[in-house]
Structures are given as C-alpha cells and as structure tokens.
Amino acid sequence: VQLQASGGGLVQAGGSLRLSCAASGRTFSNYAMGWFRQAPGKEREFVAAITWSGGMAYYAVSVKGRFTISRDNAKNTVYLQMNSLKPEDTAVYFCAASHFPPPATMTQHGIYNYWGQGTLVTVSS
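Here's a quick rundown of the structure. (Residues numbered from 1 in each chain as written. Predicted model: local features only at pLDDT ≥ 70, side-chain atom pairs only at ≥ 80, totals over all residues. Heavy atoms only, no water.)

## So, the pairing of strand β3 (residues 17–24)
Thought 1: Here strand β1 (residues 2–6) pairs with β3 via 5 bridges, running antiparallel. Paired with S6 across the strands is S20, a residue of β3.
Thought 2: One ladder, built from 6 bridges, connects β3 with strand β8 (residues 77–82); its direction is antiparallel. Bridge pairing links S20 to Y79 in β8. (Pairing = 2+ DSSP bridges. Helix = DSSP H or I, 4+ residues; strand = E, 2+ residues; numbered from the N terminus.)

## Some points on the pattern of salt bridges
Between side chains of opposite charge, pairing is possible as soon as their charged atoms come close.
Thought 1: The tally for this structure, following the rule as stated, stands at 3 salt bridges.
Thought 2: Put simply, E45 and R37 hold a salt bridge, and the shortest N to O gap is 2.5 Å.
Thought 3: Classification of E45 as partly exposed rests on a relative accessible area of 34%.
Thought 4: On the accessibility criterion, R37 (6% relative accessible area) is buried. (Salt bridge = Lys/Arg side-chain N within 4 Å of Asp/Glu carboxyl O. Buried < 20%, exposed > 50% of the residue type's maximum accessible area, 1.4 Å probe, protein only.)

## Topic: the sheet that holds β1
Thought 1: Pairing in this open sheet of 4 strands is antiparallel, and the strands run β1-β3-β8-β7 from one edge to the other. In this open sheet, the two strands that pair with only one neighbour each are β1 and β7 (67–72). Pairwise comparison of adjacent strand axes, ignoring direction, gives a mean angle of 15 degrees for this sheet. (Axes fitted to C-alpha atoms, helices over the stretch in contact; angles between N-to-C directions.)

## Regarding the packing of aromatic side chains
How two aromatic rings sit relative to each other is given by the distance of their centres and the angle of their planes.
Thought 1: If you walk through the whole model with that rule in mind, you get 6 aromatic pairs.
Thought 2: An angle of 75 degrees between the planes, with centres 5.3 Å apart, marks the rings of F36 and Y112 as edge-to-face. With F36 in strand β4 (residues 31–38) and Y112 in the loop between β9 (91–99) and β10 (114–115), this pair connects stretches of sequence that are 76 residues apart.
Thought 3: For F36, a relative accessible area of 1% puts it in the buried group.
Thought 4: A centroid spacing of 5.1 Å and a plane angle of 85 degrees characterise the contact between W52 and F100, whose relative ring orientation is edge-to-face. Taken together, the residues W52 in the loop between β5 (45–50) and β6 (57–59) and F100 in the loop between β9 and β10 connect sequence positions 48 residues apart.
Thought 5: Classification of W52 by relative accessible area gives partly exposed; the value is 24%.
Thought 6: Overall, F100 belongs to the partly exposed group, its relative accessible area being 40%.
Thought 7: Taken together, F36, F46, Y112 and W115 form an aromatic cluster joined through their ring pairs.
Thought 8: When the ring centre of F94 is taken as origin, the NZ or CZ atom of R44, which lies over that ring, is 3.9 Å away. (Phe/Tyr/Trp six-rings, centres within 6.5 Å; stacked < 30°, edge-to-face > 60°. Lys NZ or Arg CZ within 6 Å of the ring centre and 35° of its normal.)

See the structure below:
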C-alpha cells in the first residue's frame, strides 16, 4: 500500500485543519488506518485509528473530542478533521495502514505495515 498524506499547514490556535491520506496499490477496505504524530525531539505517538469498515474509531486522550477520523473506501482515502487546535498539536502527522489488525492493537504503531511520508501541522499561539 502506498500512502500519500496532505493537508498540513500553519494555523492559529483554535483553528481547524483537515488532513487527507490517499492510498493506492492494495484493497483499501482490507486495511485499518491510523494517524500518528511526531513533534520535534519527541517520540511518535498515536493520534487516531479507524477499522477497515469505518465502524469503530479510537482516539488518544489528548485529541478526543477535538479530532475526528473518517474514511471513504470508495475514494481510498482516510481523513483526520482537527478542530480547536492547540500549539501542542504541532507535529508531523503520519498516516499508516495495517491489514486486518486486532482492534485492541490499533493504537500501537508497531502493527502498522505501511506509512505515508508525513505532513507538517504547525499551530501558532
């Protein structure tokens, strides 16, 4: 699976952005999708994930209620709608794909086989 993330940029605190991740190469609906982020000097951390059907979504505590993950299997694309952005959300955001993982593992970056190149989100105060 090839993944191409886009939609990052510079936004003021309190603003919104929508990230997209377009997939190609395999049957997209067979893959759970995740978003992770990595801030300068920090480890990569889980942000959100969605099952292959879109029936279940999981969120990090830090983004729950502000971010929404969704997918359109007809368009082979997963989205991350980010609202009420904070300066601490500043990071490079990566999308990732995993083939039918156990849902309980979807917050773990190690279960994702394919990664996009990342898109930078900068939130100014």
